[in-house]
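# A closer look at the structure
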Amino acid sequence: MLLELSITDFAIIEHLDIDFQSGMTVLTGETGAGKSIIIDAVGLLVGGRGSPDLIRTGASKAVIQGNFILHDDNPTYNVLDDLGIDHSDGNVIIERVIFANGRNSCRVNGIMVNIATLKRIGETIVDIQGQNDHQELMRPERHIQLLDDYAEDELTDILQSYQAQYDTFIKLRDLNQKKHQNEKQWAQRVDMLKFQIKEIQTADLHENEDTDLVAERDRLNNFQKIHDALLASYEGINGDEDASGSIDSIGSAMSSMQDIEELDPEYKQISDNLSGAFFALQDVASQISDQLSNLEFDQDRLDQVEQRLNSIYQLKHKYGDSVSQILEYLAKIKQELAQMSGDAEASDDLDNQLAALKSDLIKRATKISDVRHRWAKKLEKAVHQQLSDLYMDKAVFEVNIQQNRALNRLGADRVEFYIQTNPGEKMLPLVKSASGGELSRIMLALKTMFAKAAGVTSIIFDEVDTGVSGRVAQAIGNKIYTISQKSQVLCITHLPQVAAMSDHHDFIEKKIANDRTTTTITELTTAQSVAEISRMLSGTAITKLTKEHASELLKLADEEKQKIKDS
């Protein structure tokens, strides 16, 4: 649930700190007071589109912060684990900053993320339903997703398996189409791949070969320099015919210190150090002697190295900047040739592969369709029950499933919702027959069924009760309260019946001070809530009668809430 929300310099809000609680919270106030701005701020926290235009006039940036606390089994934690974001304290703290230059800064538990990642996290936490979100029902292409969401327990794994197979089919189909579109180019490509593979394989390259050869070439080219340096080092240690070496001097010093090392621990330490240096120099002198003995200039070998490096250079010019890259390219083109030519590990014929894949996809799509048909009946029954609660008991809801001629990523079905709103009328597509109020109720019915399955901790309704009144308004209030028993609900409303059903009532007010407009929020007491609901009932002056009506409405709402809790 959303525990805390902080908004700074956003639209007309200078600064607001809001504490939210579980259950159903309503936000009421005059039109234009800033209720939807608060919801917009939450929307930005969960990946909504932002703009510098949203920054309060005169400010350099807008800052929005939210603290969410989640259940242990919330799917958000899986997403955070995938992203390596710590959540050990059970909190998810999101911050979003919008700067005047258009730049956005997003952080989740202190870790910076991009907007796409923020949206991925946010959609597992908050579900925002605006007054225009019932337009989703007006898009028949979205109906199949709504049905699939309802059937996800049985459908998800089957559909994902189908989609993986479908993606493979599309790649091979595109490959096959390219082959048939230009057989000449296909053949040329095959010949070129064969030539490149032969050229690279003939070279018989080895990892890091170029690096080793360069080092060997440098040694051969610097033979004299290496010889002189080794000889000078050897003579410096062992001496020559004219002078003794440093090892003799250290040996004399070592002998002298050995004579007195028993007299003092520090002398002993010095003696040991000299002994170490002496024997270390002996080892070094031996190593240098071996190097000198083995040192030999080989012009033929130098020529061979130069020729090999030149061959590798030619391959680098064509296939990569290093031997490793050339070998990677070789593996890549061998795989491409295997796919194009159909080697022993691949199918002999792309057409046969495609036919086999398509046959398998049709079987999978048929299974998916069977699942959808079963769940369509369940959805129809569930929606009928929900609509009955919303005083649309005479309406008939139907999930119409037709077969597409061609397969797509969702299978072979075309799904569209149909409805008969009045007895005696024929079934018509939902998009052609439902009014705005009816669409709001249908969307709310679906949301009631999906709320628990969706896994989100907070559901926000932004004036979804538009276009209804009377007993339907009360039914909508009951339905939203029912949803709040499973998830935290924040609801913007102009209906007193909905406001009366709330557990918490926040009043949003717009004030003008020093020629600047700002928004404030106040959590209402019971008495204040009575006054606000009175205003919502009367629209103008609050009278004794409207207060009595508001009190009665709250009393009836308490009875309705108890029935819902007991059911």
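Conventions and cut-offs
Residues numbered from 1 in each chain as written. Predicted model: local features only at pLDDT ≥ 70, side-chain atom pairs only at ≥ 80, totals over all residues. Heavy atoms only, no water. Helix = DSSP H or I, 4+ residues; strand = E, 2+ residues; numbered from the N terminus. Contact = heavy atoms within 4.5 Å. Areas by Shrake-Rupley, 256 points an atom, 1.4 Å probe, with all protein chains shown as cover. Lys, Arg positive; Asp, Glu negative; His and termini not counted. Charge placed at Lys NZ, Arg CZ, Asp CG, Glu CD. Salt bridge = Lys/Arg side-chain N within 4 Å of Asp/Glu carboxyl O. Buried < 20%, exposed > 50% of the residue type's maximum accessible area, 1.4 Å probe, protein only. Polar contact = N/O pair within 3.5 Å; in protein donor to acceptor, adjacent residues only side chain to side chain. Patch = residues over 30% accessible without salt bridge, like charges linked within 9 Å, V, L, I, M, F, W, Y side chains within 5 Å. Pairing = 2+ DSSP bridges. Axes fitted to C-alpha atoms, helices over the stretch in contact; angles between N-to-C directions. Domains from an automatic or database assignment. Phe/Tyr/Trp six-rings, centres within 6.5 Å; stacked < 30°, edge-to-face > 60°. Expected span 1.5 Å × (residues − 1). 1 Å grid on protein atoms, 1.4 Å probe; cavity = no way out; pocket = protein on both sides within 12 Å on 5 of 7 lines; lining within 4 Å. Points joined across faces, edges and corners; volume = space filled by probe spheres on them. Nonpolar A, V, L, I, M, F, W, Y, C, P; charged D, E, K, R; others polar. Left-handed = near helix turned anticlockwise from the far one by under 90°. pLDDT = per-residue confidence, 0-100.

### Things to note about the overall build of the chain
In terms of helices and strands, the chain carries 19 helices and 15 strands. Along the three orthogonal principal directions, the C-alpha set of the chain runs to about 125 × 80 × 45 Å. Intrachain contacts of the chain at a sequence separation of at least 6 include 70% that bridge at least 24 residues. Approximately 30600 Å² of the chain is accessible, and the part contributed by carbon and sulfur atoms is 47%. Side chains of the chain carry 60 positive and 90 negative charges; the gap between the two charge centres is 15 Å.

### Observations concerning the pattern of salt bridges
For the structure on display, the rule yields 21 salt bridges. Here aspartate 167 ties to arginine 409 by a salt bridge, and the two come within 3.1 Å at their closest N and O atoms. In this pair, aspartate 167 is assigned in helix H5 (residues 152–181) and arginine 409 in the loop between strand S9 (396–408) and strand S10 (411–420), connecting sequence segments 242 residues apart. Here aspartate 167 falls in the partly exposed class, since its relative accessible area comes to 30%.

### Looking at the side chain of threonine 28
By secondary structure assignment, the location of threonine 28 is in strand S3 (residues 24–28). Within the structure, threonine 28 has its side chain in polar contact with the side chain of glutamate 532 (distance 2.9 Å). Excluding residues within four positions of it along the chain, threonine 28 makes contact with Lys35, Thr493, Ala499, His505, Asp506, Phe507, Ile508, Glu532 and Met536.

### Looking at a negative patch on the surface
On the surface, a cluster of negative charge is contributed by Glu296, Asp298, Asp300, Asp303 and Glu306. Summarising the element assignment, glutamate 306 is placed in helix H11 (residues 299–319). Take glutamate 306: its relative accessible area is 32%, and that puts it in the partly exposed class.

### A closer look at the sheet that holds S10
Reading across from one edge, S9-S10-S11 is the order of the three strands in this open sheet, with antiparallel pairing throughout. Lying at the two open borders of the sheet, with one neighbouring strand each, are S9 and strand S11 (428–429). Bridge count between S10 and S11: two bridges; the pairing is antiparallel. Residue pairing in the sheet places tyrosine 418 in a bridge with proline 429 of S11. Running at roughly 100° to S10, helix H4 (residues 140–150) makes contact with S9 and S10 of the sheet.

### Considerations on the domain arrangement of the chain
Interface size is commonly expressed as the accessible area that is lost once the parts come together. We note that the domain assignment places domain 1 (2–130 + 421–566) and domain 2 (209–340) within the chain. Computed over C-alpha atoms, the centres of domain 1 and domain 2 are 73 Å apart.

### Some remarks on unusual backbone geometry
In this structure, aspartate 9 is a non-glycine residue whose phi angle is positive, near 55°. By secondary structure assignment, the location of aspartate 9 is in strand S1 (residues 2–10). For aspartate 204, which is not a glycine, the phi torsion comes out positive at approximately 50°. Along the chain, aspartate 204 falls in the loop between helix H6 (183–203) and helix H7 (209–221). Under the relative-accessibility criterion, aspartate 204 is labelled partly exposed at 47%.

### Structural notes on the packing of aromatic side chains
One pair of aromatic rings is described through two measures. These are the centre distance and the angle between the planes. In total, this model carries five aromatic pairs according to the counting rule given. Each ring, one from tyrosine 162 and one from tyrosine 166, has its centre 6.0 Å from the other, and the planes form 20°; the classification is stacked. You can see tyrosine 162 and its partner tyrosine 166 sitting in helix H5, four residues apart, about one turn around the helix. Just as tyrosine 162 is buried, tyrosine 166 falls in that class too. Between tyrosine 319 and tyrosine 329, the ring centres sit 5.4 Å apart and the planes meet at 20°, which makes this aromatic pair stacked. With tyrosine 319 in helix H11 and tyrosine 329 in helix H12 (residues 323–341), the pair connects residues that are 10 residues apart, well separated along the chain. Residue tyrosine 329 is classed as partly exposed on the basis of its relative accessible area, which comes to 22%.

### Things to note about a nonpolar patch on the surface
On the surface, a nonpolar cluster with roughly 370 Å² of combined accessible area is contributed by Ile260, Leu263, Tyr267 and Ile270. The topology assignment puts isoleucine 260 in helix H9 (residues 246–260).

### Things to note about helix H10 (residues 265–294)
Owing to its 3.6 residues per turn, the α-helix aligns residues three or four sequence positions apart on the same side. Here H10 contains 30 residues, and its C-alpha end-to-end distance of 44 Å stays within 8% of the 44 Å for a straight helix at 1.5 Å per residue. Among all positions in H10, only Ser271, Ser275, Phe278, Leu281, Ala285, Ile288 and Leu292 are buried. Where the residues of H10 are buried, they touch helix H8 (223–238) and H9.

### Here we look at empty space enclosed by the protein
Going through the model one piece at a time under the given rule, you end up with two cavities of 30 Å³ or more. Of the volumes computed, that of the second largest cavity is approximately 30 Å³. Residues of the lining of the second largest cavity, tallied by class, amount to one nonpolar, three polar and three charged.

### With respect to the packing of H8 against H10
Close contact between H8 and H10 brings their axes to 9 Å; oriented N to C, the two are set at 145°. In the crossing of H8 with H10, the sense of the turn from one axis to the other is left-handed. When H8 is examined against H10, the residues His227, Leu230, Leu231, Ser233, Tyr234, Ile237 and Asn238 are found in contact with a partner set consisting of Leu281, Val284, Ala285, Ile288, Ser289, Gln291 and Leu292. Among the residues forming the contact of H8 with H10, the class breakdown is nine nonpolar, five polar and no charged.

### A look at the confidence of the model for the chain
Looking at the chain as a whole, its pLDDT mean stands at 85, while 94% of the residues score no less than 70. Mean pLDDT values for the elements of the chain range from 69 in helix H15 (residues 436–454) up to 95 in strand S4 (residues 61–69). Predicted confidence for residues 343–347 stays below pLDDT 50, and this span has four contacts to residues more than four positions away or in other chains.

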